[in-house]
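Examination of the molecular architecture
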Amino acid sequence: MYKRYPRRRAIKTILGSATALALGTLGFPVFAQATKSVNTALAGYTGPDRQQRLIDGARKEGNALTIYTSAPPDDMAVFIDAFEKKYGIKVKLWRSASENVLQRAMAEGKAGRFEVDILDTNGPELELLHREKMLQAVASPFLAELIRPAILPHGEWVGTRLNVFTQAYNTKLVKKEDLPQSFEDFLDPKWKGKLAIEAGDLDWLASVATEIGEARGLQLFRDIVAANGMSIRKGHTLLCNLVASGEVPMALTIYNYKAEQMKRRGAPIDWFVIPPAFARPNGIAMLRRAPHPHAAVLYYDFMLSDAQKLMLKLDYVPTSKAVDTPLNAMPLKFVDPLVVLDENDKWQKLYNEIFINKRSK
């Protein structure tokens, strides 16, 4: 029902649809001009009986909750099982790629169907839905425990965990002492035919190039590809699997948690960081017209509290300062979600020029 598009193309397509909505050409209420949500008072309530009020209200709603997510289903099962056991609320889950989560939420809102309560997906997609006034800020008491970059000024979505871009290598094919200390080291001829990158990480490129100096950084990656080639793979999990299998000896962009999960299961893969590491926030948001608002607020609180320790066990990087993680000690910076929304064309063109159109055959 929901056709899948490449992530950046999908965002651009949906941005065009949002513009049409803003012009009121589709015959549906405009999200940017929506009246105040009936859920605003509930989401903003901070009284001493808040928790009991939410539990009682969820019971009256039928103890039901609907979530759309792009997170791995096995990981979501851990969170949902713990939430259901704690509150007795039955969760209905729909999982797809982040661009499809965005597309479905937008399409249903446009059609006046308000079926989803919580979105759990990437920062850029949530930021776009904030712009369309589809999200509801929640005054959770657990916000005070989060790292500063996890909390957006508008407060309509919050980072629950970080996808940290790191490098990964096959431990049977690459010796630890041969690992590069800088991206310049990838110019060495020993890396010829051994490098790969994920197909859509243009926000990573923007972050690293800006850190190095944009012109110098872009030229460096052009030189790496020209000298040693670059295999392009779609999906960070796929790329990790290819590193573990030995098909890809060295990957430039994987999410550290997936490599760590595979390493703990005995796969010949490990990850390292060419500093600084850049992190892409994954977050949650409550929909402004959530049909189960009490259950939605309970889940929102749960993901900022109990679930943070569960994330650590799954090798994610949680955003709560109350949870210690090995990545706390390393230099860590955050990609800007606005790069995808406001500078998409520029960085997509550069990414295609440097990697996609020049990739190894």
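Residues numbered from 1 in each chain as written. Predicted model: local features only at pLDDT ≥ 70, side-chain atom pairs only at ≥ 80, totals over all residues. Heavy atoms only, no water.

1. Observations regarding the overall build of the protein chain
Along the protein chain, the regular secondary structure elements total 14 helices and 12 strands. Within the span of the protein chain, comprising 361 residues, buried residues form 56% of the whole. In the protein chain, once contacts between residues fewer than 6 apart in sequence are set aside, the share between residues at least 24 apart is 82%. Carbon together with sulfur atoms contributes 54% to the accessible area of the protein chain, which is approximately 15700 Å² in total. (Helix = DSSP H or I, 4+ residues; strand = E, 2+ residues; numbered from the N terminus. Buried < 20%, exposed > 50% of the residue type's maximum accessible area, 1.4 Å probe, protein only. Contact = heavy atoms within 4.5 Å. Areas by Shrake-Rupley, 256 points an atom, 1.4 Å probe, with all protein chains shown as cover.)

2. Considering the pattern of salt bridges
This structure, assessed with the given rule, holds 20 salt bridges. Residues Lys346 and Glu214 are paired through a salt bridge, measuring 3.1 Å at the closest nitrogen-oxygen approach. Residue Lys346 is located in helix H14 (residues 344-356), and its partner Glu214 is located in helix H8 (residues 214-228); the two are separated by 132 residues in the primary sequence. Accessibility expressed as a relative area gives 33% for Glu214, which makes it partly exposed. A network of salt bridges, in which partner residues are shared, links Arg104, Glu108, Arg113 and Glu115. (Salt bridge = Lys/Arg side-chain N within 4 Å of Asp/Glu carboxyl O.)

3. Notes on the nonpolar core
Counting 90 residues, the largest nonpolar core has Leu65, Phe79, Leu119, Phe221 and Phe355 as its most contacted members. Among the elements that make up this core, the one with the highest residue count is helix H11 (residues 293-304) (nine residues). If we skip the residues at most four places from it in the chain, Leu65 touches Phe83, Ile89, Lys90, Val91, Lys92, Asp117, Ile118, His292, Ala295, Ala296 and Tyr299. Ala168, Cys240, Ala251 and Ala259 belong to the second largest nonpolar core, which has 14 residues in total. (Core = buried A, V, L, I, M, F, W, Y, C linked by side-chain atoms within 4.5 Å.)

4. Observations concerning unusual backbone geometry
Across the junction of Pro275 and Pro276, the peptide omega takes the value -5°, indicating a cis bond. The residue Pro276 is located in the loop between strand S9 (269-272) and strand S10 (277-287) in this model. Not every positive phi belongs to a glycine, and Lys133 is a case in point at roughly 60°. For Lys133, the location among the structural elements is in the loop between helix H6 (123-131) and strand S4 (135-136). Judged by its relative accessible area of 37%, Lys133 is partly exposed. The phi dihedral of Asp315 falls on the positive side, at around 70°, and the residue is not glycine. Examined against the element boundaries, Asp315 turns out to sit in the loop between helix H12 (306-313) and strand S11 (317-318).

5. Focus: the packing of aromatic side chains
According to the stated counting rule, one finds 16 aromatic pairs in the structure shown. Taking the centre distance of 5.1 Å and the plane angle of 85° together, the rings of Phe83 and Tyr299 count as edge-to-face. In this pair, Phe83 sits in helix H4 (residues 73-87) while Tyr299 sits in helix H11, placing the two residues 216 residues apart along the sequence. Comparing Phe83 with Tyr299 shows no difference in burial state: the two are buried. Taken together, the ring pairs connect Phe183, Phe186, Trp191, Trp204, Phe221, Tyr351 and Phe355 into an aromatic cluster. (Phe/Tyr/Trp six-rings, centres within 6.5 Å; stacked < 30°, edge-to-face > 60°.)

6. A word on the pairing of strand S3 (residues 118-122)
Most of S3 is tucked away: five of the five residues are buried. In the sheet, strand S1 (residues 64-69) pairs with S3 via three bridges, with the strands oriented parallel. Bridge pairing in S3 links Thr69 to Asp120. Inspection of the sheet shows S3 paired to S10 by five bridges, in the antiparallel sense. Bridge pairing in S10 links Thr121 to Gly283. (Pairing = 2+ DSSP bridges.)

7. Comments concerning the environment of Leu332
Within the secondary structure, Leu332 is located in strand S12 (residues 332-334). A sequence separation of 55 residues divides Leu332 from Ala277, and the C-alpha atoms of the two residues are 4.9 Å apart. Leave out the neighbours within four places in its chain, and Leu332 touches Leu162, Val164, Ala277 and Ala279.

8. Side note on H12
Buried residues of H12: Ala307, Gln308, Leu310 and Met311, and no others. The buried residues of H12 occupy one face: seen down the axis, they fall within an arc of 160°. Across H12 from its buried face, at more than 90 degrees, point the exposed residues Lys309 and Lys313. Where H12 is buried, its residues contact H4, strand S5 (158-170), H11 and S11. Downstream of H12 by a residue or two, Asp315 has a phi angle that is positive, lying close to 70°. (Arc of directions from axis to C-beta.)

9. Side note on H6
Because an α-helix completes one turn every 3.6 residues, residues spaced three or four positions apart along the sequence face the same direction. Across the nine residues of H6, eight count as buried, placing the element largely inside the fold. Once H6 finishes, Lys133 follows within two positions and takes phi at roughly 60°, a positive value.

10. Brief notes about the confidence of the model for the protein chain
Of all residues in the protein chain, 87% have pLDDT values of 70 or greater, and the mean over the chain is 88. pLDDT under 50 marks residues 1-6. Its contacts with residues more than four places away, or in other chains, come to 17 contacts. Of the regions scoring below 50 in pLDDT, residues 18-36 engages in 23 contacts with residues more than four places distant in sequence or in other chains. (pLDDT = per-residue confidence, 0-100.)

11. Concerning the packing of helix H5 (residues 98-110) against H6
Contact geometry for H5 and H6: axes closest at 9 Å, N-to-C directions at 15°. Considered as vectors, H5 and H6 are oriented roughly parallel to each other. Crossing of H5 over H6 shows right-handed handedness. Of the residues in H6, those touching H5 at Ser98, Glu99, Leu102, Ala105 and Met106 are Glu125, Leu128 and Leu129. Grouping the constituent residues of the contact of H5 with H6 by class yields five nonpolar, one polar and two charged. (Axes fitted to C-alpha atoms, helices over the stretch in contact; angles between N-to-C directions. Parallel < 35°, antiparallel > 145°, perpendicular 65-115°, else oblique. Left-handed = near helix turned anticlockwise from the far one by under 90°. Nonpolar A, V, L, I, M, F, W, Y, C, P; charged D, E, K, R; others polar.)

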